Amino acid sequence: MSLSTSDRLLTILASLTKQKKHLSFSALKDSMSSYFDAIEDKRVQNKCDYSLHDVLMSAFSCMYFQDPSLNEFQKRIQEEQHKNNLQTLFGVKSIPQNTQLRDILDEIPSEELAPIFNDFFNRLRRHKHLEDYAILPNTLLCAIDGTQYHRSKDIHCEQCLHKEHKAGEITYSHAVLQGAIMHPDKKQVLPVMPEAIANTDGTDKQDCESKAAKRFIKNLRQAHPRQGFLIVGDGLMSHQPMIESFIDEGCHFLFVAKPGDHKYMFKSLEGFPELASYQFDDEKGCTHYYRWKNEVPLHGGENAIKVNFFEYILKNKDGKITYRNSWVTDIKMSRYNIVGMARAGRCRWKIENECFNTLKNQGYYITHNYGHGKKHLSYNMYLLTLLAFYFHQIFELTDGAYQACRKKLGSKKYMWEKFRNVIRFFIMDSWAMLMDFILSPDDYKVTLTKNR
Ligand SMILES: [Zn+2]
């Protein structure tokens, strides 16, 4: 029996609603809540004023609203109105004082937050949002890069990396190897659980990006064993031991390979004057030029691994080179995939621009000093910020009301300013109500007057 058009529409609508339900604010928040609740609390129970859940959720809500003073404000609202927005929106029963919040967060092992990233990833996959991100069949592009989020000459903790300068001065820092799922045609980037570049083994030996990358890929594989990945990285990754560790984990790779770092390979390419090539002019008159060669030894050593090399050059209409880069990969290059692979290699900038730059400069206060702690505080704050960013990326991808707020208020900065202003004065029963209030404030005049 065939369905009528209206029945079909109803079915589609029902499935859309269902899809959104699993990725809505309350679904993601509830899931996160349950992971927070599951963390083993090692404190002496009768001495605890605040649950681990309330501590983590209060810290998260500051990141979510990009407002370091959110907790203090909501505490004041609580005194005046006997309820507050941390309670209604995030399920926080009791808002901790800032000092207690920092002390408790410092003790929570950061890996306890990893399952949340995996859960969000699986929700996106189950509801087919990752299909548009596939760069090859069942393969997602995961760009990786290192970034520093704390640097100081005096504030430091057990996990800080330290660098001694000639004059005896020491710089302390925290960094991560971050990975994010991305696609050349998609603006949103979806972070995965990063790997801390930190001194955790109690020795003086400094951790580094390469070691962190090896741990990162093992964890990513373990978290998503059936998912194919094309790992896209910078020139730091394109050496044999690193490439082998990615191959061992069953991942494809696409790493920048510069002539300065790979003298032997580039020299040997000169021996093949007729590399396969392809070029085309676009509508702006720019020329896109590609060259490639499969099965090239990476270096001159005895057991050199063979890689597939390609190069991309972009010239503007005056013939001036405006972009040039070269990569090595395990994927066999051909006329059919060369354009797509160059786009995949180029889209790595998004991890710098859409992820790190947003976290550092677009309101997330990732480098804001919330306090450094002695153990895990600094990294936990980074992870909670990253989770807030993940929520927002998911809404941009899947949430109609959120997208309507963005459209109505223009800039992201202004939209968050609006959200913050509203919750400073009014109690919102839910995140959906807050968005609805922004979209149709006139509908709320009567109710809010009654509430006040
Ligand atoms: Zn530190």
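Residues numbered from 1 in each chain as written. Predicted model: local features only at pLDDT ≥ 70, side-chain atom pairs only at ≥ 80, totals over all residues. Heavy atoms only, no water.

1. Brief notes about the overall build of the chain
- A tally of helices and strands in the chain yields 17 helices and 12 strands.
- Against the compact-globule benchmark of 22 Å for 452 residues, the chain has a radius of gyration of 25 Å, which places it among compact chains.
- For the chain, the spread of C-alpha atoms along the three principal axes comes to 80 × 70 × 50 Å.
- Looking at the chain residue by residue over its 452 residues, the buried ones come to 50%.
- A total of about 22600 Å² of accessible surface is found on the chain, and carbon and sulfur atoms cover 50% of it.
- Once the 61 positive and 54 negative side-chain charges of the chain are each reduced to a mean point, those two points are 4 Å apart. (Helix = DSSP H or I, 4+ residues; strand = E, 2+ residues; numbered from the N terminus. Rg over C-alpha atoms; globule rule 2.2 N^0.38 Å. Buried < 20%, exposed > 50% of the residue type's maximum accessible area, 1.4 Å probe, protein only. Areas by Shrake-Rupley, 256 points an atom, 1.4 Å probe, with all protein chains shown as cover. Lys, Arg positive; Asp, Glu negative; His and termini not counted. Charge placed at Lys NZ, Arg CZ, Asp CG, Glu CD.)

2. So, the packing of helix 8 (residues 209-223) against helix 9 (residues 240-248)
- Two elements in contact, helix 8 and helix 9, have axes whose closest approach is 9 Å; the angle formed by their N-to-C orientations is 10°. Considering their axes alone, helix 8 and helix 9 lie roughly parallel with respect to each other. On helix 9, the residues that touch Ser 210, Ala 213, Lys 214 and Ile 217 of helix 8 are Pro 241, Met 242, Ser 245 and Phe 246.
- Its residues assigned to classes, the contact of helix 8 with helix 9 shows 5 nonpolar, 2 polar and 1 charged. (Axes fitted to C-alpha atoms, helices over the stretch in contact; angles between N-to-C directions. Parallel < 35°, antiparallel > 145°, perpendicular 65-115°, else oblique. Contact = heavy atoms within 4.5 Å. Nonpolar A, V, L, I, M, F, W, Y, C, P; charged D, E, K, R; others polar.)

3. With respect to the pattern of salt bridges
- Here the structure, examined in full by the defined rule, presents 17 salt bridges.
- With a closest N to O distance of 3.6 Å, Lys 267 and Glu 270 form a salt bridge. Of this pair, Lys 267 and Glu 270 are both found in helix 10 (residues 263-270), 3 residues apart, which corresponds to roughly one turn of the helix. Glu 270 carries the same exposure label as Lys 267, and that label is exposed. (Salt bridge = Lys/Arg side-chain N within 4 Å of Asp/Glu carboxyl O.)

4. Some thoughts on the coordination of the zinc ion
- At this site the zinc ion is bound by Cys 157 (SG), Cys 160 (SG), His 174 (NE2) and His 372 (NE2), with donor distances of 2.0 to 2.3 Å.
- In this structure, the zinc ion is coordinated by 4 donor atoms arranged in tetrahedral fashion, with angles at the metal of 103 to 134°.
- Donor residues for the zinc ion, ordered by position in the chain, follow C-x2-C-x13-H-x197-H. Remark: His 174 occurs in strand 4 (residues 170-182) and Cys 157 occurs in the loop between strand 2 (139-152) and strand 3 (161-164); sequence separation between them is 17 residues.
- Residue class for His 174 comes out buried when judged on its relative accessible area of 3%. (Donors = N, O, S within 2.8 Å, 3.2 Å for Na, K, Ca; no water. Tetrahedral: all angles 85-135°; square planar, octahedral: opposite > 155°, others 65-115°.)

5. Some details on helix 3 (residues 52-64)
- Helix length check: helix 3 (13 residues) gives 18 Å between terminal C-alpha atoms against 18 Å at 1.5 Å per residue, within 8%.
- Burial runs high along helix 3: 13 of the 13 residues are buried.
- Phi for Gln 66, located one or two positions after helix 3, is positive at around 50°. (Expected span 1.5 Å × (residues − 1).)

6. Some remarks on the environment of Thr 147
- Within the secondary structure, Thr 147 is located in strand 2.
- Taking relative accessible area as the criterion, Thr 147 reaches 8% and is therefore assigned buried.
- Distance in space between the C-alpha atoms of Thr 147 and Ile 197 is 9.2 Å, their sequence separation being 50 residues.

7. Concerning the environment of His 150
- Along the chain, the position of His 150 falls in strand 2.
- Through-space distance from the C-alpha of His 150 to that of Ile 331 is 37 Å; in sequence the pair is 181 residues apart.
- The residues contacting His 150, other than those within four sequence positions of it, are Ile 155, Cys 160, Tyr 172, Ser 173, His 174, His 372 and Ser 378.
- A polar atom in the side chain of His 150 sits 3.2 Å from the backbone oxygen of Ile 155. (Polar contact = N/O pair within 3.5 Å; in protein donor to acceptor, adjacent residues only side chain to side chain.)

8. Points about the packing of aromatic side chains
- In the structure shown here, the tally under the stated rule is 38 aromatic pairs.
- Note on Phe 65 and Trp 416: the rings are 5.8 Å apart at their centroids and 80° apart in plane angle, and the pair reads as edge-to-face. With a gap of 351 residues between them, Phe 65 in the loop between helix 3 and helix 4 (70-81) and Trp 416 in helix 15 (residues 412-425) connect regions that are remote in the sequence.
- Geometrically, the ring pair formed by Trp 416 and Phe 419 is edge-to-face, given 5.0 Å between the ring centres and 65° between the ring planes. Of the two residues, Trp 416 and Phe 419 are both situated in helix 15; the distance of 3 residues between them amounts to about one turn of the helix.
- Residue classification places Trp 416 among the buried positions, given a relative accessible area of 2%. (Phe/Tyr/Trp six-rings, centres within 6.5 Å; stacked < 30°, edge-to-face > 60°.)

9. Regarding a positive patch on the surface
- Residues Arg 125, Arg 126, Lys 128 and Arg 226 make up a contiguous surface patch of positive charge.
- On the secondary structure map, Arg 126 appears in helix 7 (residues 114-126). (Patch = residues over 30% accessible without salt bridge, like charges linked within 9 Å, V, L, I, M, F, W, Y side chains within 5 Å.)

10. Some words on the pairing of strand 9 (residues 276-281)
- Across 6 bridges, the pairing between strand 9 and strand 10 (residues 287-297) is antiparallel. Along strand 10, the bridge assignment pairs Asp 281 with Thr 287.
- Counted along the chain from strand 9 to the antiparallel partner strand 10, the turn is 5 residues long, and its residue Gly 285 has a positive phi close to 85°. (Pairing = 2+ DSSP bridges.)

11. Topic: the side chain of Glu 396
- Looking at where Glu 396 falls in the secondary structure, it is placed in helix 13 (residues 377-398).
- Of note is the side chain of Glu 396, whose polar atom sits 3.3 Å from the side chain of Arg 406.
- Apart from residues no more than four positions distant in its own chain, Glu 396 is found in contact with Gln 188, Tyr 402, Gln 403, Arg 406 and Lys 412.

12. A closer look at unusual backbone geometry
- Of note in the backbone geometry, Gln 66 takes a positive phi value of approximately 50° without being a glycine.
- Here Gln 66 shows up in the loop between helix 3 and helix 4.

13. A word on the nonpolar core
- Among the nonpolar cores identified, the biggest contains 135 residues, and Tyr 64, Phe 65 and Trp 431 are the most heavily contacted of them.
- Contacts of Tyr 64, omitting those with residues within four sequence positions, involve Phe 25, Phe 90, Ala 388, Phe 391, His 392, Phe 395, Trp 416 and Trp 431. (Core = buried A, V, L, I, M, F, W, Y, C linked by side-chain atoms within 4.5 Å.)

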